[in-house]
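# Structural features, examined
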Amino acid sequence: MPSCGCHSKMQLTGILVNLGICFRGKGFMVTPQQISAGADSVMVLSAAKWHLLRRSVTWGRILLRHESIYPPSSGFEEEEIREKLLAFPGGSVDLVKQDSGIAVLTVNNPSRMNAFSGSMMVELEERVGQLEGWMEGKGLVVQGAAGTFCSGSDLNAVRAISSPQDGVKMCMFMQNTLTRLLRLPLFSVALVEGRALGGGAELTTACDFRLMSPGSVIQFVHKHMGLVPGWGGATRLVGIVGSQNALRMLGGSLKVDPEMGLQTGLADGVLEGSPAEACAFLQAERWLTCYTQGPAPVIRAIKKVVMSGRELPLEASLRAERDVFGTLWGGPANLQVLASKTKHK
Ligand SMILES: CC[C@@H](C(=O)O)C(=O)SCCNC(=O)CCNC(=O)[C@H](O)C(C)(C)COP(=O)(O)OP(=O)(O)OC[C@H]1O[C@@H](n2cnc3c(N)ncnc32)[C@H](O)[C@@H]1OP(=O)(O)O
């Protein structure tokens, strides 16, 4: 059992406090004040608790601190990959943060059916970083420009990044970015118009929800490319539609239309007909607003606790839920409601 010497206790506790995770319980808790006073009240942890706690700290650090899912030891040198991708310019990924707390992220490369050039992959990571720092954010609509969603990687870039090593590096870069996108503490919806192909289909799975317009298609064309999803789309698809439907969609490279999307659960809603292109975004924004009405801290906390339930082992998730709860109990939103006549019609 690791001797939980004072230094490591302080180190561990420091990590917990740094993560804003303060456990309360029998002898098990140190307050930030105690830490600054050189706490020695952190009890020696049992081996099992030490392992569990370390894992939950690791989990918590990755979930809450936007850390990379690939450490440098896995060959993921983010700066090196970024430089390689910037060698393939074209298009843009645009972000508008609205006062309503709902942001709009647009994959903008219409001459290429919104295919991701290398520089757009870098821009996507930068936009996700901006959203991670947007404390007022409650919702996000991800869309494509010019009435179509995204046709995956730019094939010109794909042909140029053809070595397995570079392909895997691009894969890790996009997996990391899309995982952080999905973990944003806000409700995200992919507004699918036209086609979402290949990596574009994978991008839809990195949002909490998907809304499809009439005639739109989500298609995992990877098999036709001699590939499997590489941006994390297969992993997320299984969680969304289940393994059988995932096998069908990937193995059959099925063209998922709005009807099949609703049947399988890949689509959470279908937009109304023409002039769809005129108000598709407004419909999506209105749909999202049903879930993002309310104080930003509460909306963001809801996403955090659901994310913990989705990704963490039971006890770590319960602890994360408790800590998020602790940030709201007795907070402004809670006290304001308690001060009024509380009735939920
Ligand atoms: C991990 C997955 C990831 C990867 O492996 O790296 C991928 O996503 S691989 C790419 C997967 N995507 C595709 O294979 C889609 C290829 N494109 C098409 O099938 C069709 O273009 C379309 C999307 C079905 C649209 O067809 P259509 O309406 O007939 O329009 P065009 O074909 O004429 O396209 C207009 C214009 O756009 C260019 N284009 C379209 N998609 C891409 C792309 N992915 N990369 C680069 N360029 C693309 C297309 O070449 C046309 O350009 P011009 O020929 O210059 O007019």
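Residues numbered from 1 in each chain as written. Predicted model: local features only at pLDDT ≥ 70, side-chain atom pairs only at ≥ 80, totals over all residues. Heavy atoms only, no water.

Read across the open sheet, the six strands follow the order 1-2-3-4-6-9; overall the sheet is mixed. Here the strands that pair on one side only, and so sit at the sheet edges, are strand 1 (92-97) and strand 9 (269-270). The pairing of strand 3 (residues 139-144) with strand 4 (residues 187-192) spans four bridges and is parallel. Considered in strand 4, the bridge of V141 is made with V189. (Pairing = 2+ DSSP bridges. Helix = DSSP H or I, 4+ residues; strand = E, 2+ residues; numbered from the N terminus.)

Enumeration over the complete set of coordinates arrives at 13 salt bridges. In this structure, the salt-bridge partner of R82 is E79, at a minimum N-O distance of 3.1 Å. On the criterion of helical spacing, the pair formed by R82 and E79 is a turn pair, its members being three residues apart in helix 4 (residues 78-86). R82 gets classed as buried once you look at its relative accessible area, which sits at 12%. Judged by relative accessible area, E79 falls into the partly exposed class, the value being 47%. Of the charged contacts, one joins R310 and D208 as a salt bridge, the two residues approaching to 3.9 Å between their closest N and O atoms. Of this pair, R310 sits in helix 13 (residues 296-311) while D208 sits in the loop between helix 8 (199-205) and strand 6 (209-212); the two residues are 102 residues apart in sequence, bridging distant segments of the chain. On the basis of relative accessible area, R310 is assigned to the partly exposed category, the value being 43%. Each member of the salt-bridge network shares a partner with another, and the members are E78, E79, R82, E125, E132 and R180. (Salt bridge = Lys/Arg side-chain N within 4 Å of Asp/Glu carboxyl O. Buried < 20%, exposed > 50% of the residue type's maximum accessible area, 1.4 Å probe, protein only.)

Time to look at the side chain of T264. Tracing the backbone through its elements, the reader meets T264 in helix 11 (residues 258-264). Reaching out from T264, the side chain makes a polar contact with the backbone oxygen of M260 at a distance of 2.8 Å. Within polar-contact distance, the side chain of T264 engages the backbone nitrogen of L266 at 3.4 Å. Once you skip the residues sitting within four places of it in the chain, T264 turns out to touch I240, V241, N245 and M249. (Polar contact = N/O pair within 3.5 Å; in protein donor to acceptor, adjacent residues only side chain to side chain. Contact = heavy atoms within 4.5 Å.)

A few words on the site of the ligand. As a structural note, the neighbourhood of the ligand is formed by 22 residues, with R112, S151, S153, L155 and G199 the closest of them. S111 has a polar backbone atom sitting 3.3 Å from an oxygen atom of the ligand. Elements with a minimum of two residues in the shell around the ligand: helix 6 (155-160), strand 5 (195-197) and helix 8. Broken down by class, the residue content of the shell around the ligand amounts to 10 nonpolar, eight polar and four charged. (Near = heavy atom within 4 Å. Nonpolar A, V, L, I, M, F, W, Y, C, P; charged D, E, K, R; others polar.)

The subject of this paragraph is the pairing of strand 3. The element strand 3 is largely enclosed, with a buried count of six among its six residues. The alternating pattern of strand 3 places G139, V141 and Q143 on one face and L140, V142 and G144 on the opposite face, and all of these are buried. By the bridge criterion, six bridges tie strand 2 (residues 102-108) to strand 3 in an arrangement that is parallel. Bridged to L105 within strand 3 is V142. Assessed by its sense of winding, the connection that carries the chain from strand 2 through helix 5 (residues 118-132) to strand 3 is right-handed. (Right-handed = clockwise from strand over helix to strand, strands pointing away.)

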